[in-house]
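Chain residues, written in single-letter form:
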Protein chains: 2
Amino acid sequence: MEFSATTFRELCQQHGIAVTHQRQVLFEIMQGMHGHPSPEEVYARVKKKIPAISLATVYKNIHLFVESGIFREVSMHHGTLRVEMNSRPHHHMVCSMCKSISDIDEADLGLLPSHQKLPGGFLVERYAVDVIGICPECQAKKIN
Amino acid sequence: MEFSATTFRELCQQHGIAVTHQRQVLFEIMQGMHGHPSPEEVYARVKKKIPAISLATVYKNIHLFVESGIFREVSMHHGTLRVEMNSRPHHHMVCSMCKSISDIDEADLGLLPSHQKLPGGFLVERYAVDVIGICPECQAKKIN
DNA sequence: CTACATGCAAAAAGTTTGCATCATA
DNA sequence: TATGATGCAAACTTTTTGCATGTAG
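Residues numbered from 1 in each chain as written. Chains lettered and ligands numbered in written order. Predicted model: local features only at pLDDT ≥ 70, side-chain atom pairs only at ≥ 80, totals over all residues. Heavy atoms only, no water.

Attention now moves to the overall build of chain A. Scanning chain A for helices and strands turns up 6 helices and 5 strands. Put simply, chain A runs from its N terminus to its C terminus through helices and strands in the order α-α-α-α-β-β-β-β-α-β-α. When each of the 144 residues of chain A is scored for burial, the buried share is 43%. Once local pairs closer than 6 in sequence are excluded, the contacts in chain A between residues at least 24 apart make up 43%. Total accessible area computed for chain A in this model is approximately 7,900 Å², and 52% of it derives from carbon and sulfur atoms. (Helix = DSSP H or I, 4+ residues; strand = E, 2+ residues; numbered from the N terminus. Buried < 20%, exposed > 50% of the residue type's maximum accessible area, 1.4 Å probe, protein only. Contact = heavy atoms within 4.5 Å. Areas by Shrake-Rupley, 256 points an atom, 1.4 Å probe, with all protein chains shown as cover.)

Written as structure tokens, this is what we have:
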């Protein structure tokens, strides 16, 4: 599940994009982040390695990675762009109080429809489930 | 499935919020909109009835309605806040070819988990499911 | 009459763009 | 060397906030 610098070079060749130092560091750092970081969070981390990097470059390259299918965009109940590095089949638990998002394996979620076709003829490829609710931390706080 | 002005008054009483002219008009107009309008779209419509209304008021009240559970927030592949007025529990079918989005009733979707708590202690309020697949129109195109 | 809602304008947050400079292929 | 990437700053979009005024309960 880990990509070496060589693999990143290959990935870039596959997608016809240039291998720059910024992209390499950006990719490695994102690869090592878990969850669904925002561009600002990624920027903060990358700046430690490349202090001169600009936020615009981070945005441009996150978009590039998403368009290339290297990472996936997650549009959750945040107001901001979020990226997903985890490629295993899983779903998301979104806390309605603190807006935190965590992953849950499809198997741990339990029952899911197994139709191939829905009424109306829609052909199912996969499900993307957001579980909306309250995370353990906020449940603890909630007990006013 | 339609709410009269009287019902809105009751809804407000239930949630302990004041019945203002702005809220009443906002509610009625949103009720009459289908799809997943953005705050700007709602604002444009409401301004026709109350030209002096401010965008801030629209935002404040949309949030109020969402927090009260009168409407639901929808996180789609937009970058902006979207609201859902359809009060029947339903989910979304997203076509991976043409990107069209249509609704499907929760009942028609079939089996869905019924946990109150997930492993890890997350307290489930509701599920928001995107069914990714191919719509009937694109299936037809695909064969040809 | 009091607490809360509104409108306005300013500010904050998030994201995109234009352009001169620089690095990769 | 030429194309495309970067950094910077300004512009833009979306959303939030503070405050004076207005209105529902």
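With that settled, consider the packing of helix α2 (residues 21-32) of chain B against helix α4 (residues 55-68) of chain B. Residue and element names in this part refer to chain B. The contact between α2 and α4 brings their axes to 11 Å, and the two run at 70°. Between α2 and α4, the crossing angle belongs to the class labelled roughly perpendicular. Between α2 and α4 lies a crossing of right-handed hand. Facing Q22, R23, L26, F27 and M30 of α2, the residues of α4 in contact are T57, V58, N61, I62, L64 and F65. (Axes fitted to C-alpha atoms, helices over the stretch in contact; angles between N-to-C directions. Parallel < 35°, antiparallel > 145°, perpendicular 65-115°, else oblique. Left-handed = near helix turned anticlockwise from the far one by under 90°.)

Turning to the protein's contact with DNA strand D, a few remarks are in order. Neighbouring residues of DNA strand D: 20 residues in total, closest Q22(A), T57(A), Y59(B), H63(B) and L81(B). Atoms of DNA strand D within 4 Å of the protein: sugar and phosphate make up 82%, bases the balance. T57(A) places a side-chain nitrogen or oxygen 2.9 Å from a phosphate oxygen of DNA strand D. For the surface near DNA strand D, the secondary-structure elements that each account for two or more residues are α2 (21-32) and α4 (55-68) of chain A together with α4 of chain B. Classifying every residue of the surface near DNA strand D gives 10 nonpolar, 7 polar and 3 charged. (Near = heavy atom within 4 Å. Polar contact = N/O pair within 3.5 Å; in protein donor to acceptor, adjacent residues only side chain to side chain. Nonpolar A, V, L, I, M, F, W, Y, C, P; charged D, E, K, R; others polar.)

Once that is clear, we can look at the protein's contact with DNA strand C. If you check the shell around DNA strand C, you find 21 residues, and the closest are Y59(A), H63(A), L81(A), Q22(B) and T57(B). A breakdown of the atoms of DNA strand C within 4 Å of the protein gives sugar and phosphate a share of 83%. A distance of 2.5 Å is found between a phosphate oxygen of DNA strand C and a side-chain nitrogen or oxygen belonging to Y59(A). Take K60(B): an N or O atom from its side chain is 3.2 Å from a base oxygen of DNA strand C. For the surface near DNA strand C, the secondary-structure elements that each account for two or more residues are α4 of chain A together with α2 and α4 of chain B. If you tally residues by element for the surface near DNA strand C, the top one is α4(A), at 5 residues.

Residue and element names in this part refer to chain A. Mapped onto the elements of the fold, L26 is located in helix α2. Owing to a relative accessible area of 0%, L26 belongs among the buried residues under this scheme. The spacing of L26 and K47 is 21 residues in sequence and 9.6 Å in space, taken between C-alpha atoms. Those residues in contact with L26 that sit more than four places away from it in its chain are V42, V46, V58, N61 and F65.

Taken as a whole, chain A is organised into domain 1 (8-84) and domain 2 (91-143). In this structure, domain 1 of chain A and domain 2 of chain A have C-alpha centres spaced 25 Å apart. (Domains from an automatic or database assignment.)

Here we take up the packing of helix α3 (residues 39-49) of chain A against α4(A). Residue and element names in this part refer to chain A. Viewed as axis vectors pointing N to C, α3 and α4 meet at an angle of 120°, and their least axial separation amounts to 10 Å. Compared by their axis directions, α3 and α4 come out oblique. Along this stretch, α3 crosses α4, giving a crossing that reads as right-handed. In contact with P39, E40, V42 and Y43 of α3, α4 contributes L55, V58, Y59 and I62.

Attention now goes to the interface of chain A and chain B. On the side of chain B, 38 residues touch chain A, which itself brings 37 residues to the contact. Across the chain A/chain B interface, buried area totals approximately 3,100 Å², and carbon plus sulfur atoms make up 61% of it. Across the contact surface, chain A and chain B share 0 salt bridges. Breaking the side of chain A that touches chain B down by element, the ones donating at least two residues are β3 (90-95), α5 (106-109), β5 (123-134) and α6 (136-142) of chain A. Bridge analysis of β5(A) against strand β5 (residues 123-134) of chain B gives 11 bridges, and the strand direction is antiparallel. Counterpart to R126(A) in the pairing with β5(B) is I132(B). (Buried area = accessible area lost by both parts, 1.4 Å probe. Salt bridge = Lys/Arg side-chain N within 4 Å of Asp/Glu carboxyl O. Pairing = 2+ DSSP bridges.)

What follows covers the relation of the copies chain A and chain B. You can overlay chain A on chain B at an RMSD of 2.9 Å; the transform is a turn of 177° with a shift of 0.8 Å along its axis. Read as a symmetry element, the transformation amounts to a two-fold axis. If distances are taken from each C-alpha of chain A to the rotation axis, the shortest is found for L112(A), at 1.6 Å. (Least-squares fit on C-alpha atoms with pLDDT ≥ 70 in both.)

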